[in-house]
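Spelled out, the chains give:
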Amino acid sequence: ASDATGPFGIRVRDGGPYGLTWGRDRTLYVGNVMVDGDLHRADLELGTSGEIARLGARIHATASFDASSLLVATTGGVIERVATDGTTRAPFATLGMDVTGLVRDPFLGVVYVSLRSGTIAIRNADGTDGGELGAAGGAPGRIAYGPDGALYYLRTGFPTRPSIERVDLPTSRP
């Protein structure tokens, strides 16, 4: 069960498991499966799953960082780098606002972070501030990296209609 407090501020949208991501190890990762803050690994080939880490707060978003670690955002905009085997964790960045989505640019290595405010923040590969892409319509949403090298920002709607916005990315490191 969850208290359903999350980055969107709407109980029906904030409850349940969160932070689903596909790791580079061909494994699925998801947070808040049994309790807020648990991070689970689901091996689809073996048909197994289990907890690999327990973070101190509700997980809001995850993203693959490299072959052996994930970025995991929790309540309040705290982002940690967590080993996919659960053995190590390290602080990555603190944004001070709930995170709605994380994407690591596979070419530049920077991390794009969508925030509850509708802003997309940039973090360098070491977690330092890399600026902003600006507001994505001023409404919270999720981000995804597209095959065309752009970000796609999904505004989930309610009470407005859902929409998708294409956001061009910088062609060089910020």
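Up top you'll find the structure we're talking about.
Remember, predicted model here, so these are calculated numbers, not experimental data.

Chemist: Please clarify how the overall build of the chain should be interpreted in this entry.
Modeler: For the chain, the helix and strand inventory stands at one helix and 15 strands. In the chain, buried positions account for 48% of the 174 residues. Pairs at least 24 apart in sequence give 35% of the contacts found in the chain among residues at least 6 apart. Of the roughly 8,400 Å² of accessible surface on the chain, 55% is carried by carbon and sulfur atoms.

Chemist: Looking at this structure, I do not really get the sheet that holds strand β14 (residues 151-155). What am I missing?
Modeler: Strand pairs in the sheet, formed through backbone hydrogen bonds, run parallel or antiparallel to each other. Strand order in the open sheet made by the three strands is β13-β14-β15, with antiparallel pairing throughout. Of all the strands in the sheet, just β13 (141-145) and β15 (163-167) have a single pairing partner and so form its edges. Each strand of the sheet is rotated relative to its neighbour by a mean of 25 degrees, with strand direction disregarded.

Chemist: Quick question: what am I supposed to make of a nonpolar patch on the surface here?
Modeler: On the surface, V33, M34 and V35 cluster together to form a nonpolar patch covering roughly 250 Å² of accessible area. On the secondary structure map, V35 appears in the loop between β2 (28-31) and β3 (38-43). The exposure class of V35 is partly exposed, given its relative accessible area of 34%.

Chemist: Any chance you could explain the pairing of β14 here in plain terms?
Modeler: For a regular strand, side chains alternate in direction, first toward one face of the sheet and then toward the other. Here β14 shows a buried face lined by L151, Y153 and R155 and an unburied face lined by Y152 and L154. The sheet contact formed by β13 and β14 spans five bridges and is antiparallel. If you follow R142 over to β14, its bridge partner there is L154. Where β13 folds back on β14, the antiparallel hairpin that results is connected by five residues, among which G149 adopts a positive phi of roughly 80 degrees. Summarising the sheet, β14 and β15 pair through five bridges and their orientation is antiparallel. Residue L151 lies in a different strand from β15, and its bridge partner there is V167.

Chemist: Help me out: how do you make sense of the environment of I164 in this one?
Modeler: When you line up the elements, I164 lands in strand β15. Separated by 11 residues in sequence, I164 and Y153 place their C-alpha atoms 5.5 Å apart. Once you skip the residues sitting within four places of it in the chain, I164 turns out to touch Y152, Y153 and L154.

Chemist: What is the right way to read the sheet that holds strand β6 (residues 69-74) from this model?
Modeler: Within the open sheet, the four strands sit side by side as β5-β6-β7-β8. Their pairing is antiparallel. Each edge of the sheet is formed by a strand with only one pairing partner; in this case those strands are β5 (59-66) and β8 (89-94). Neighbour-to-neighbour, the strand axes of the sheet open up by a mean angle of 25 degrees, direction not taken into account.

Chemist: What should I look at first to understand the packing of aromatic side chains in this one?
Modeler: Each pair of aromatic rings is reported with the distance of its centres and the angle of its planes. Taken as a whole and assessed by the stated rule, the structure comprises two aromatic pairs. Relative to F92, the ring of F65 has its centre 5.9 Å away and its plane inclined at 65 degrees; by these criteria the two rings are edge-to-face. Residue F65 is found in strand β5, and its partner F92 is found in strand β8; the two are separated by 27 residues along the sequence. When its relative accessible area of 10% is taken as the criterion, F92 is described as buried. Where F107 meets Y145, the ring centres are 6.5 Å apart and the plane angle is 45 degrees; that geometry is what we call tilted. Taken together, the residues F107 in the loop between β9 (99-104) and β10 (111-115) and Y145 in strand β13 connect sequence positions 38 residues apart. Taking relative accessible area as the criterion, F107 reaches 71% and is therefore assigned exposed. We classify Y145 as partly exposed; its relative accessible area is 25%. Above the plane of the ring of F65 lies R104, whose end atom (NZ or CZ) is 4.0 Å from the centre.

Cut-offs applied
- Residues numbered from 1 in each chain as written.
- Predicted model: local features only at pLDDT ≥ 70, side-chain atom pairs only at ≥ 80, totals over all residues.
- Heavy atoms only, no water.
- Helix = DSSP H or I, 4+ residues; strand = E, 2+ residues; numbered from the N terminus.
- Buried < 20%, exposed > 50% of the residue type's maximum accessible area, 1.4 Å probe, protein only.
- Contact = heavy atoms within 4.5 Å.
- Areas by Shrake-Rupley, 256 points an atom, 1.4 Å probe, with all protein chains shown as cover.
- Pairing = 2+ DSSP bridges.
- Axes fitted to C-alpha atoms, helices over the stretch in contact; angles between N-to-C directions.
- Patch = residues over 30% accessible without salt bridge, like charges linked within 9 Å, V, L, I, M, F, W, Y side chains within 5 Å.
- Salt bridge = Lys/Arg side-chain N within 4 Å of Asp/Glu carboxyl O.
- Phe/Tyr/Trp six-rings, centres within 6.5 Å; stacked < 30°, edge-to-face > 60°.
- Lys NZ or Arg CZ within 6 Å of the ring centre and 35° of its normal.

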